[in-house]
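What follows is the residue order along each chain.
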Amino acid sequence: MTTEMQEIAITEEKPLLTGQADTKDAELAARILLDQGQEHSIETPHGVLHVTLHGTRTTRRPAILTFHDVGLDSKSCFSPLFKFEEMQEIVKNFTLIHVDAPGQEEGAAAYPAGYQYPSMDTVAEMIPAVLQFFNFRTVIGVGVGAGAYVLSKFSIANPDSVEGLVLINIDTNARGWIDWAAQKLSSVTSSLTEQIVSHLFSQEELSSNTDLVQSHRERISKASNLVNIELFWKTYNSRRDLNIDRNSSFKCPVMLVVGDQAPYEDAAVECNSKMDPTTTSFLKMADAGGLPQLTQPAKLTEAFKYFIQGMGYMASSCMTRLSRSRTTSLSSSYSMDGSRSRSRTLSQGSQGGQMPPSPSQTMEVSC
């Protein structure tokens, strides 16, 4: 292990723009932070989706398409991450497409009584219309919880449309009888707001009643579209098993992310065990709670940059700038026969380390 960041020459098949002056970078970053996006209501075969686009549609690179979790919308789920300073290295070179599940956007009108909310499968079938509307052939998907499930379903059905997936708090399994009974009991003893808050946050966060927990509890309880949130919650709890198989499910690199002691930690670990080890990386984040994109945006940004680099979209010059701004210490162990490594640790440190592998090499990370 060296004590200095190694300069690694990377042959870029799809390089980003490089060599811009620092002042221009700063000006561009400022414009990105102030950008409120272009809002669109997109007609799909199964209803209307609210979508917010940041950036230009003319880029030849894939768009980064996000899908939020239950109890959140695209803004509350992803704005802190994509407005994060170091994330601007990526944001300035990609188009962002934030998709809100039906009726989940901020200020959405409440659905009438008896409204039939689309199934999770149907929601996934709405996404191709979004790509067609913006004329994007492929995307890099970033999903959280229910959004991770939707993007997984979309990727399995449309493998040629997805170049990579970042799945946070993924649970690919249908609810079993025990889960179903527990949910029924919870619906009797707990309010809808408390059910969703327990879905989003770890027990430690709930016990500590952190500021983040309090703010989201208040936001959900006062939401004008609370009936819509409840419909999405019930739909997610009625999801079908994705039947993940390492030989045939995903045709693209996948990064699984979960917070240590998060509500879906066991589900993410189980999903990891079913994935193709040659195209999957597993990031388990310490002190991240249930929503690592909100509590640990710096660590997740760094991991996302490595993921993008492995796909050929991040220049080595960009990575060395990243390394100068944030240093890491890496320790890893791999099996020599190519089987899944079960020990890889990423921690904050005072010394630089070697570059992590690209998505074509399996890594299990705890940071």
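Here the structure is a predicted model, which means the values were calculated and not measured. (Residues numbered from 1 in each chain as written. Predicted model: local features only at pLDDT ≥ 70, side-chain atom pairs only at ≥ 80, totals over all residues. Heavy atoms only, no water.)

1. Some thoughts on the environment of Ile168
Threshold: Helix and strand definitions follow DSSP, with helices as H or I runs of at least four residues and strands as E runs of at least two, each counted in order from the N terminus. Contacts between residues were defined by any pair of non-hydrogen atoms, one from each residue, lying within 4.5 Å.
Here Ile168 lies in strand E6 (residues 162-168). Taking the C-alpha atoms as reference, Ile168 lies 9.3 Å from Leu283; in sequence the two are 115 residues apart. Beyond its immediate chain neighbours, meaning those up to four positions away, Ile168 contacts Gly143, Val144, Gly145, Ala148, Val257, Pro292, Gln293 and Leu300.

2. Digging into the packing of aromatic side chains
Heads up, the rule is: Two rings from Phe, Tyr or Trp (for Trp, the six-membered ring) form a pair when their centres sit within 6.5 Å of each other. Planes less than 30 degrees apart are called stacked, planes more than 60 degrees apart edge-to-face, and all others tilted. Here the term buried applies to any residue with accessible area under 20% of the maximum for its type, exposed to any over 50%, and partly exposed to those in between, with areas from a 1.4 Å probe on protein chains only.
Overall, the coordinates contain 6 aromatic pairs when judged by the stated rule. Ring centres of Phe94 and Tyr313 lie 5.8 Å apart, and the angle between their planes is 75 degrees; on these two criteria the pair is classed as edge-to-face. With a gap of 219 residues between them, Phe94 in the loop between helix H3 (88-91) and strand E4 (96-100) and Tyr313 in the loop between helix H14 (297-310) and helix H15 (316-325) connect regions that are remote in the sequence. Tyr313 matches Phe94 in its accessibility class, with the two residues each being buried.

3. A word on the environment of Val213
If you trace the backbone, Val213 turns up in helix H10 (residues 211-221). For Val213, a relative accessible area of 0% corresponds to the buried category. Remark: the alpha-carbon pair of Val213 and Leu200, spanning 13 residues in sequence, is separated by 8.9 Å. Sequence-distant contacts of Val213, that is, excluding residues within four places in its chain, are made with Val197, Phe201, Glu205 and Leu206.

4. Things to note about the pairing of strand E5 (residues 139-144)
Our working rule: Two strands qualify as a pair provided DSSP detects at least 2 bridges between them.
Most of E5 sits inside the fold, with 6 of its 6 residues counted as buried. In E5, alternate side chains face the same way, and those of Val139, Gly141 and Gly143 on one face and Ile140, Val142 and Val144 on the other are all buried. Alignment of strand E3 (residues 63-67) against E5, held across 5 bridges, turns out to be parallel. Each residue of the ladder has a partner; that of Ala63, found in E5, is Val139. Examined bridge by bridge, E5 and E6 share 6 bridges and lie parallel to one another. Its bridge partner being in E6, Val139 is matched across the sheet by Val162.

5. As for the confidence of the model for the protein
The criterion, for reference: Each residue carries a pLDDT score, the predictor's confidence in it, ranging from 0 to 100.
Averaged over every residue, the pLDDT of the protein is 81; residues scoring 70 or more account for 72%. Across residues 1-13, where pLDDT falls below 50, the model places 20 contacts with residues more than four positions away in sequence or in other chains.

6. Observations concerning the pattern of salt bridges
As a reminder of what qualifies: Just to be clear on terms, a salt bridge is a Lys or Arg side-chain nitrogen sitting within 4 Å of an Asp or Glu carboxyl oxygen.
Evaluated as defined, the whole model comprises 9 salt bridges. In this structure, the salt-bridge partner of Glu89 is Lys92, at a minimum N-O distance of 3.8 Å. Taking relative accessible area as the criterion, Glu89 reaches 13% and is therefore assigned buried. Between Glu265 and Lys284 there is a salt bridge; the shortest N-O distance is 3.4 Å. Note that Glu265 is positioned in helix H12 (residues 265-274) and Lys284 in strand E8 (residues 280-285), a separation of 19 residues in sequence. On the accessibility criterion, Glu265 (15% relative accessible area) is buried. Several salt bridges converge on common partners, so that one network encompasses Asp121, Lys153 and Arg240.

7. What to know about the packing of helix H5 (residues 127-134) against helix H6 (residues 146-157)
Cut-off, in case you're wondering: Each axis is a line fitted through C-alpha atoms, taken for helices only over the stretch in contact, and angles between the N-to-C directions span 0 to 180 degrees. Here the angle decides the label: under 35 degrees means roughly parallel, over 145 means roughly antiparallel, 65 to 115 means roughly perpendicular, and every other value means oblique. Each residue gets one label: Ala, Val, Leu, Ile, Met, Phe, Trp, Tyr, Cys and Pro are nonpolar, Asp, Glu, Lys and Arg are charged, and the others, such as Gly, are polar.
Where H5 contacts H6, the two axes come as close as 10 Å, and the packing angle between them is 75 degrees. Here H5 lies roughly perpendicular to H6, going by the angle between them. Mapping the contact onto sequence places Ile127, Pro128 and Leu131 in H5 and Val150, Leu151 and Phe154 in H6. Among the residues forming the contact of H5 with H6, the class breakdown is 6 nonpolar, no polar and no charged.

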